[in-house]
Amino acid sequence: MKHWACVLVFALAACGEQKAEEAEVASVAPHELSKKELCWTGKFIDDRPVFLHYQQDEDIISGELIYLDENRRVSDRVLGIMQADSSYKLHVFDKSANVYSIISGRPKQDKLVGVVSSTENKKEYEISFDSVDTVIVSLDMAGQPNKVAGSYYYQLGDKGYRGFLEVDKSADEGKVSFNILSVTSVSKGPSSAAVERDEVTLDGTSFIYDLPGNNGCKFKVKFYRDFAYVKYVQGDCSKQFAENATIEGLYLKRQ
């Protein structure tokens, strides 16, 4: 295994908004910083050298993919899910919340091996990242109940699936109103899945919603620092919407 010693400056220098992030990290309490980061280096699409780091909360993964071959290093947001078989499915977002690459892989000892799929040219590329020991200090992915309001979004490529989650504060403390709309890819219809605006009570930074007029479909929305995760938790929710449409997914919060 390779052993690196990195400090905050390394991670933040890779970001286009270094000063803003330094100020944000410096202004938070110690308990709001991440406790553990997993880090990898390797070659990405077109053999571009990259540095991948992330933290994990149960089955949710949150981090950054940093390109190392630029005079001004570029970083892109990474959100993903650990599957039941312990493999990863990671979405790489550009600055417009468009997913331009999907990493599918599995950690094996000191390697992260798998493939990366481009949503732009539909090609797949093999990857093999090396584990590195680093000291990365970044904001914890955990959310805060008083900061969940906002617009959340994702899009898989120019013509792929799109999802919209709108959350507003309610006049009643501890409650929010929300609505969801997801549209399938152009090649699949398109068709849509929608949840009309309703008011719910937060349980910490999440809520479980019983979809009206269905056969027991319930889904959970959990809010993190800058994204939200929508997941079916009960019933056959896939049959409650148009063909191929789903509200499940990771939604990045728009700034």
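One can find the structure itself at the top, above this paragraph.
Residues numbered from 1 in each chain as written. Predicted model: local features only at pLDDT ≥ 70, side-chain atom pairs only at ≥ 80, totals over all residues. Heavy atoms only, no water.

J.: Run through the layout of surface pockets, naming residues and quoting values.
T.: What the second largest pocket holds in volume is close to 480 Å³. What lines the second largest pocket is a set of 20 residues, and nearest its centre among them are Ile81, Lys89, His91, Glu248 and Gly249. Elements represented by at least two residues in the lining of the second largest pocket include exactly strand S5 (74–82), strand S6 (88–93), strand S7 (98–108), strand S10 (150–156), strand S16 (227–234) and strand S17 (249–253). For the lining of the second largest pocket, the class distribution of residues is 11 nonpolar, five polar and four charged. (1 Å grid on protein atoms, 1.4 Å probe; cavity = no way out; pocket = protein on both sides within 12 Å on 5 of 7 lines; lining within 4 Å. Points joined across faces, edges and corners; volume = space filled by probe spheres on them. Helix = DSSP H or I, 4+ residues; strand = E, 2+ residues; numbered from the N terminus. Nonpolar A, V, L, I, M, F, W, Y, C, P; charged D, E, K, R; others polar.)

J.: Describe the pairing of strand S2 (residues 38–43), naming the residues involved and giving the relevant values.
T.: When S2 meets strand S3 (residues 49–57), the two strands line up antiparallel, connected through six bridges. What sits directly across from threonine 41, in S3, is phenylalanine 51. The antiparallel hairpin formed by S2 and S3 contains five residues in its connecting segment, where aspartate 46 sits at a positive phi of about 60 degrees. Summarising the sheet, S2 and strand S9 (residues 124–133) pair through three bridges and their orientation is antiparallel. Bridge pairing in S9 links tryptophan 40 to serine 131. (Pairing = 2+ DSSP bridges.)

J.: Residues and numbers for the side chain of serine 87, please.
T.: Summarising the element assignment, serine 87 is placed in the loop between S5 and S6. Other than its neighbours up to four places away in sequence, serine 87 contacts Ile81, Met82, Gly105 and Arg106. (Contact = heavy atoms within 4.5 Å.)

J.: A description of the nonpolar core should follow, citing residues and the corresponding values.
T.: As a rule of thumb, soluble globular proteins bury nonpolar side chains together. In terms of nonpolar packing, the biggest core is built from 41 residues, with Leu165, Phe178, Ile180, Val195, Phe219, Phe223 and Ile247 touching the most fellow members. Counting residues per element, this core draws most heavily on S16, which supplies five residues. Setting aside residues up to four positions removed in sequence, phenylalanine 178 forms contacts with Leu165, Glu166, Val167, Val195, Glu196, Arg197, Asp198, Val200, Phe207, Tyr209 and Phe219. Formed by 19 residues, the second largest nonpolar core is a distinct cluster that contains Ile45, Leu65, Val78 and Tyr88. (Core = buried A, V, L, I, M, F, W, Y, C linked by side-chain atoms within 4.5 Å. Buried < 20%, exposed > 50% of the residue type's maximum accessible area, 1.4 Å probe, protein only.)

J.: Help me get a handle on the state of the cysteines, residues and values and all.
T.: Considering all chains together, one arrives at one disulfide under this definition. Disulfide pairing is shown between cysteine 217 and cysteine 237; the S-S distance is 2.1 Å. The disulfide joining cysteine 217 to cysteine 237 has a torsion of about 110 degrees about its S-S bond and is therefore right-handed. A residue pair is termed long-range when its members are at least 10 positions apart, and cysteine 217 in the loop between strand S14 (206–210) and strand S15 (218–223) and cysteine 237 in the loop between S16 and S17 qualify at 20 residues. (Disulfide = S-S within 2.5 Å.)

J.: How would you sum up the pattern of salt bridges? Please name residues and give values.
T.: Taken as a whole, this structure holds 10 salt bridges when the rule is applied. Linking aspartate 76 and lysine 95 is a salt bridge whose minimum nitrogen-to-oxygen distance equals 3.7 Å. Of this pair, aspartate 76 sits in strand S5 while lysine 95 sits in the loop between S6 and S7, and the two are 19 residues apart along the sequence. Looking at lysine 95, the relative accessible area reads 67%, which means it is exposed. With its nearest N and O atoms 2.5 Å apart, the salt bridge here joins aspartate 130 to lysine 111. Of this pair, aspartate 130 sits in strand S9 while lysine 111 sits in strand S8 (residues 111–118), placing them 19 residues apart in sequence. With relative accessibility at 34%, the residue lysine 111 sits in the partly exposed group. Because the salt bridges share partners, they merge into one network encompassing Arg77, Arg225 and Asp226. (Salt bridge = Lys/Arg side-chain N within 4 Å of Asp/Glu carboxyl O.)

J.: Break down the pairing of strand S11 (residues 162–169) for me, citing the residues and quoting the values.
T.: Relative to S11, S10 runs antiparallel, the two sharing six bridges. In the strand pairing of S11, glycine 150 is matched with valine 167. Between S10 and S11, which pair antiparallel in sequence order, lie five residues; one of them, glycine 157, sits at a positive phi of approximately 75 degrees. Here eight bridges tie S11 to strand S12 (residues 175–183), and the two strands are oriented antiparallel to one another. Considered in S12, the bridge of aspartate 168 is made with serine 177. Joining the antiparallel neighbours S11 and S12 is a turn of five residues, in which glycine 174 adopts a positive phi near 85 degrees.

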